[in-house]
Amino acid sequence: MMTVSELERIANQLRFDTVQMIHQSGDGHPGPCMSIADIMAVLFFEELRLDPKNPRWPERDRFVLSKGHACPLFYAALARRGYFPMEELPKLRSLEGMLQGHPDMNKTPGVDTVSGSLGNGVAIGLGMALGCRMQGFDSKVFVIIGDGEQEEGVIWEGAMSAARYQMGNLIVFADCNNNQSGGKVTELSSLYPVAEKWEAFHWHVQKIDGHNVEEIREAIKNAKAETQRPSLIECKTIKGKNIPYMENNNAWHKRTPTPEEVAIAGEALGIVQ
Ligand SMILES: [Mg+2]
């Protein structure tokens with residue numbers, strides 16, 4: 001098991017990889033990547049049962065990045081886990097590369113589903129969880145959704161069905177950074193409170209600080225111990241986390257960092273170049 005500081009260092013490395021990739025490729029969504037970095041570090045470097053040499057291993061845990069526009073950080077995690085060479089990262093969003101602007105299971109090893117047409121991840125995860133259960137695998141399915149994304153009606157169809165099928169092997173993180181493409185979630189819709197809605201749909205619900213590695217670990221442990229109800233973990237997060245000019249600044253939802261901004265990010269994240 002990794003130490004907390006090792007996982008925090010990995011999360012910041014993934015953040016920096018993301019900034020560099022988007023700078024090099026000239027396009028992408030940096031802000032939404034930063035809020036999920038700590039969750040991703042715990043999942044990909046400690047929690048998930050996977051085999052980078054055999055990406056389609058049937059008994060692996062599944063992962064669905066429902067907020068698919070945050071894929072640069074997902075790709076960085078996959079490269080650093082050895083699914084493909086690091087040299088692929090600068091080819092983000094290019095025709096000759098394997099890394100699409102939104103995740104594509106047919107192009108990128110380690111990606112379990114297409115995603116990024118928002119709202120579909122809970123229902124897709126439910127299908128995967130049912131499939132694993134029917135085949136007798138004890139695999140878990142982990143999904144990350146955004147907060148604004150929960151405005152999509154299909155999220156709640158998935159939520160309803162997952163409870164009905166008692167999918168204790170389905171664990172959803174809600175990345176609640178109170179920002180979405182068009183502005184503050186609380187100013188655009190009356191989505192909050194999040195936790196109470198999932199409780200009403202008969203899910204096992206926890207609320208944590210989504211940047212606290214120990215809280216993320218503990219929440220996963222609790223979710224795995226719950227064998228009947230599917231789990232929703234409401235993660236309070238900051239869009240652009242750990243890069244001062246990006247934090248809570250929705251201008252960075254989709255924007256390309258300049259060379260100077262890449263350097264500032266590296267310094268803020270403690271990356272030695
Ligand atoms: Mg959001």
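Residues numbered from 1 in each chain as written. Predicted model: local features only at pLDDT ≥ 70, side-chain atom pairs only at ≥ 80, totals over all residues. Heavy atoms only, no water.

Caption draft 1: Geometry of the coordination of the magnesium ion. Looking at the magnesium ion, one finds its protein donor set to be D147 (OD), N177 (OD1) and N179 (O), positioned 2.2 Å from the metal centre. Between consecutive donors of the magnesium ion, the numbers of intervening residues give the motif D-x29-N-x1-N. Of this pair, D147 sits in the loop between β2 (141–146) and α6 (153–164) while N177 sits in the loop between β3 (170–176) and β4 (179–180), and the two are 30 residues apart along the sequence. N177 carries the same exposure label as D147, and that label is buried. (Donors = N, O, S within 2.8 Å, 3.2 Å for Na, K, Ca; no water. Helix = DSSP H or I, 4+ residues; strand = E, 2+ residues; numbered from the N terminus. Buried < 20%, exposed > 50% of the residue type's maximum accessible area, 1.4 Å probe, protein only.)

Caption draft 2: Quick look at the pattern of salt bridges. Counted according to the given criterion, the structure contains 14 salt bridges. Between D38 and R15 there is a salt bridge whose closest N-O contact spans 2.7 Å. In this pair, D38 sits in helix α3 (residues 37–47) while R15 sits in helix α1 (residues 4–25), placing the two residues 23 residues apart along the sequence. Of the two residues, D38 and R15, neither departs from the other in class, the shared state being buried. The salt bridge partner of K254 is D27, with a shortest N-O separation of 2.8 Å. Taken together, the residues span a long stretch of sequence, with K254 in the loop between β7 (231–236) and α10 (259–268) and D27 in the loop between α1 and α2 (31–34) at a distance of 227 residues. Judged by its relative accessible area of 26%, D27 falls in the partly exposed class. Here the salt bridges do not stand alone but share partners, grouping D27, R93 and K254 into one network. (Salt bridge = Lys/Arg side-chain N within 4 Å of Asp/Glu carboxyl O.)

Caption draft 3: Highlighting the packing of aromatic side chains. One pass over the full model with this rule turns up eight aromatic pairs. For the ring pair F44 and F74, a centre distance of 5.7 Å and an interplane angle of 50° mean the geometry is tilted. Placement of the pair is F44 in helix α3 and F74 in helix α4 (residues 71–80), with a sequence separation of 30 residues. Taking 4.8 Å as the distance between ring centres and 45° as the angle between the ring planes, the aromatic pair formed by W156 and W198 counts as tilted. Here W156 is found in helix α6, whereas its partner W198 is found in helix α8 (residues 194–200), with 42 residues between them in sequence. Both residues of the pair, W156 and W198, belong to the buried class. Here the aromatic residues F44, F63, F74 and Y75 are joined through ring pairs into a cluster of three or more. For R164, the ring lying beneath its charged end belongs to Y165, and the centroid distance is 4.5 Å. (Phe/Tyr/Trp six-rings, centres within 6.5 Å; stacked < 30°, edge-to-face > 60°. Lys NZ or Arg CZ within 6 Å of the ring centre and 35° of its normal.)

Caption draft 4: Fine view of the state of the cysteines. Taken as a whole and assessed by the stated rule, the structure comprises zero disulfides. C33 carries a free sulfur, and the closest cysteine sulfur to it, the one in C71, is 6.9 Å from it. Here C33 falls in the buried class, since its relative accessible area comes to 0%. (Disulfide = S-S within 2.5 Å.)

Structural measurements only, silent on function.
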